[in-house]
Amino acid sequence: GMLFEAEHEGFKMLVDAHEKVGGTSKGPTPKGLTLVSLGGCTGMDVVSILKKMKVDFESLDIKVLSDLADDHPKKFEKIVIKYIFTGKDMSVKKIQKAISLSEDRYCGVSASLKPQVDISNILIINGEEV
């Protein structure tokens, strides 16, 4: 099949393809892991920057959505990162600044994907898009 065991920095995981293309769906796909890496990279940046800015929040959820090319290679054409914050009295300007710094300066995964992939973001605070 297409099931692989991957190891990185002592962590093991299964990587697989979807059943519809010959895999067994026993692990995430390589493209899926790329999206997870992007979300984790920017999330860590944003949290670190907001701590330095003394912005408190209750939670941050990140959803990474993508559009793939119709033809092979089925590469990412567009990625949207949704930053979903909950909390009280949060500075929208500071959150937007932290996101901008991550996406434009600090996140190596984002920098690796750009300019070949159109990456944008959506900011949601307490259920409302900003």
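Located above this text is the structure these notes cover.
Keep in mind it's a predicted model, so treat the numbers as computed, not measured.

Q: Lay out the overall build of the protein chain with the relevant residues and their values.
A: Counting its secondary structure elements, the protein chain contains three helices and six strands. For the protein chain, the spread of C-alpha atoms along the principal axes amounts to about 50 × 35 × 25 Å. Across the 130 residues of the protein chain, 32% fall into the buried class. In the protein chain, the share of contacts with a sequence separation of at least 24, taken over all contacts with a separation of at least 6, comes to 51%. As presented, the protein chain carries roughly 8,700 Å² of accessible surface, and 53% of it is formed by carbon and sulfur atoms. The average position of the 18 basic charges and that of the 19 acidic charges among the side chains of the protein chain differ by 5 Å.

Q: Residue-level account of the side chain of Thr-42, with values.
A: Within the secondary structure, Thr-42 is located in helix 1 (residues 30–52). Apart from the residues within four sequence positions on either side, Thr-42 is in contact with Ile-62, Ile-81, Tyr-83, Ser-102, Glu-103 and Cys-107.

Q: Would you mind going over the pairing of strand 2 (residues 11–15) in detail, with residue names and values included?
A: With five bridges connecting them, strand 1 (residues 4–8) and strand 2 associate as antiparallel partners. In the sheet register, His-8 faces strand 2, and the bridge partner there is Phe-11. If you look at the hairpin formed by strand 1 and strand 2, you'll find two residues sitting between the two strands, and Glu-9 has a positive phi there, around 50 degrees.

Q: An account of the nonpolar core is needed here, citing residue identities and associated values.
A: Within the largest apolar cluster, 24 residues are counted, with the highest numbers of intra-cluster contacts made by Ile-79, Phe-85 and Ile-95. Those elements that place two or more of their residues in this core are helix 1, strand 4 (76–86), helix 2 (92–106) and strand 5 (118–125).

Q: Account for helix 2, naming residues and giving values.
A: For helix 2, with 15 residues, the first-to-last C-alpha span of 20 Å sits near the 21 Å given by 1.5 Å per residue. When helix 2 is considered as a whole, its buried residues turn out to be Ile-95, Ala-98, Ile-99, Leu-101, Ser-102 and Glu-103. Where the residues of helix 2 are buried, they touch helix 1, strand 4, helix 3 (108–113) and strand 5.

Q: Lay out a negative patch on the surface with the relevant residues and their values.
A: On the surface, a cluster of negative charge is made up of Asp-67, Asp-70, Asp-71 and Glu-77. Along the chain, Asp-71 falls in the loop between strand 3 (59–68) and strand 4.

Q: Would you mind going over unusual backbone geometry in detail, with residue names and values included?
A: Trans is the common state for peptide bonds, and a negative phi is the common state for residues other than glycine. In the segment running from His-72 into Pro-73, the intervening peptide bond is cis, with an omega of -5 degrees. One can find Pro-73 in the loop between strand 3 and strand 4. Cis geometry is found at the peptide bond from Lys-114 to Pro-115, where omega equals 0 degrees. Looking at where Pro-115 falls in the secondary structure, it is placed in the loop between helix 3 and strand 5. You will see that Asp-89, though not glycine, has its phi angle at about 50 degrees, which is positive. Along the chain, Asp-89 falls in the loop between strand 4 and helix 2.

Q: Hey, could you go over the environment of Gly-127 for me, with residue numbers and the actual values?
A: Mapped onto the secondary structure, Gly-127 falls in the loop between strand 5 and strand 6 (128–129). A relative accessible area of 68% places Gly-127 in the exposed class. Separated by 43 residues in sequence, Gly-127 and Ile-84 place their C-alpha atoms 7.7 Å apart.

Q: Just give me the short version of the environment of Pro-30, but keep the residues and values in it.
A: With respect to the helices and strands, the residue Pro-30 is situated in helix 1. The exposed category is assigned to Pro-30, whose relative accessible area is 52%. Note: C-alpha distance between Pro-30 and Val-15 (15 residues apart in sequence) is 6.7 Å. Other than its neighbours up to four places away in sequence, Pro-30 contacts Val-15 and Asp-16.

So, how was this worked out
- Residues numbered from 1 in each chain as written.
- Predicted model: local features only at pLDDT ≥ 70, side-chain atom pairs only at ≥ 80, totals over all residues.
- Heavy atoms only, no water.
- Helix = DSSP H or I, 4+ residues; strand = E, 2+ residues; numbered from the N terminus.
- Buried < 20%, exposed > 50% of the residue type's maximum accessible area, 1.4 Å probe, protein only.
- Contact = heavy atoms within 4.5 Å.
- Areas by Shrake-Rupley, 256 points an atom, 1.4 Å probe, with all protein chains shown as cover.
- Lys, Arg positive; Asp, Glu negative; His and termini not counted.
- Charge placed at Lys NZ, Arg CZ, Asp CG, Glu CD.
- Pairing = 2+ DSSP bridges.
- Core = buried A, V, L, I, M, F, W, Y, C linked by side-chain atoms within 4.5 Å.
- Expected span 1.5 Å × (residues − 1).
- Patch = residues over 30% accessible without salt bridge, like charges linked within 9 Å, V, L, I, M, F, W, Y side chains within 5 Å.
- Salt bridge = Lys/Arg side-chain N within 4 Å of Asp/Glu carboxyl O.

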